[in-house]
Amino acid sequence: MKRLGVNIDHVATIRNARGELHPDPLKAAKIVKKAGADSITIHLREDRRHIKDIDAKKICKIKNLLVNLEISTNPKIVNIALKIKPNYVCIVPENRKEITTEGGLDLTKNRGKLIKIISKFKKKNIRTSLFINPSLKDIEISKQIGTDCIEIHTGHLSNLIKSNKKYSNELSKIKKSSIMASKFGIEVHAGHGLDYKSTRILSNIPSIKEFNIGHFLIGESIFYGLFSVIKKFKKILKKKK
Ligand code: PXP
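The present account deals with the structure reproduced in this document. (Residues numbered from 1 in each chain as written. Predicted model: local features only at pLDDT ≥ 70, side-chain atom pairs only at ≥ 80, totals over all residues. Heavy atoms only, no water.)

**Brief notes about the environment of Ile71**
Phase 1: Inspection of the secondary structure assignment puts Ile71 in strand β3 (residues 67-71).
Phase 2: Between the C-alpha atoms of Ile71 and Glu170, which are 99 residues apart in sequence, the distance is 26 Å. (Helix = DSSP H or I, 4+ residues; strand = E, 2+ residues; numbered from the N terminus.)

**Comments concerning unusual backbone geometry**
Phase 1: A cis amide bond links His22 to the next residue, Pro23, at an omega of 0°.
Phase 2: Along the chain, Pro23 falls in the loop between α1 (9-18) and α2 (25-34).
Phase 3: A positive phi angle is found at Asn64, which is not glycine, with a value near 55°.
Phase 4: As for its position among the elements, Asn64 is in the loop between α3 (53-61) and β3.
Phase 5: Classification of Asn64 by relative accessible area gives exposed; the value is 70%.
Phase 6: Despite not being glycine, Asn125 shows a phi value in the positive range, around 60°.
Phase 7: Position of Asn125 among the secondary structure elements: in the loop between α5 (107-123) and β5 (127-132). (Buried < 20%, exposed > 50% of the residue type's maximum accessible area, 1.4 Å probe, protein only.)

**Re the site of the ligand**
Phase 1: Around the ligand, the structure places Asn7, Glu70, Val92, Thr101, Phe131, Glu151, His192, Gly193, Asn212, Ile213, Gly214 and His215.
Phase 2: Separating an oxygen atom of the ligand from a side-chain N or O atom of Asn7 is a distance of 3.5 Å.
Phase 3: Here an oxygen atom of the ligand and a backbone polar atom of His215 are 2.8 Å apart.
Phase 4: Across the complex, the protein chains shield 94% of the 400 Å² of accessible surface that the ligand would expose by itself.
Phase 5: Tallied by class, the residues present in the shell around the ligand amount to 3 nonpolar, 7 polar and 2 charged. (Near = heavy atom within 4 Å. Polar contact = N/O pair within 3.5 Å; in protein donor to acceptor, adjacent residues only side chain to side chain. Areas by Shrake-Rupley, 256 points an atom, 1.4 Å probe, with all protein chains shown as cover. Nonpolar A, V, L, I, M, F, W, Y, C, P; charged D, E, K, R; others polar.)

Set out below in structure tokens:
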């Protein structure tokens, strides 16, 4: 069965809109776990737009909860991550003006930096992942960098599906990249912009083992509740190889 990781950043976005304590991402993390998600994802951004240091610290201390911390290559953020020891890290590009993570990492430019960061996390037994575009060249570089996993940026595919445009080329890039990565022994994840339809389409790719879903899932939970929405996603991912 494919795994579901739930990104709860936007619980913090709602909380921060009032500068108060409710809704608490810590409570969301516990509910998400009870509802059957396999892990939770939080992104400690340099601008602390949603998740704050204290949230990340508290969430990483919850027992029996697998936490995937998204981080940039900023040394201060890397050091915080090394201290609070999540189970997993996913390294993402960050740009202060973006609304969300807009594309994959530039692996050619950041190769040396990434090799050093990944080896630091590996020494602490923290699973590493690189958020990348679906490109064979990037899969090749990911292998050389020595990451445990890659997460393929599905934003472009999701946008094509949502706007009823042809998506077969983009889907084929994702399929080819996933196959190549798993041949190299790199575990493949997918994330960004996913909803029920795009998740269903991607769940037919055997080499994708984990889906990380945030904005749509949290938005839909306003109408139907976290339990029901997580159950629906789990059903989509059930019995898929
Ligand atoms: N995966 C990664 C690496 C991301 O940066 C994000 C966005 O924070 C997501 C998944 C989730 O994307 P969305 O909120 O669009 O579902």
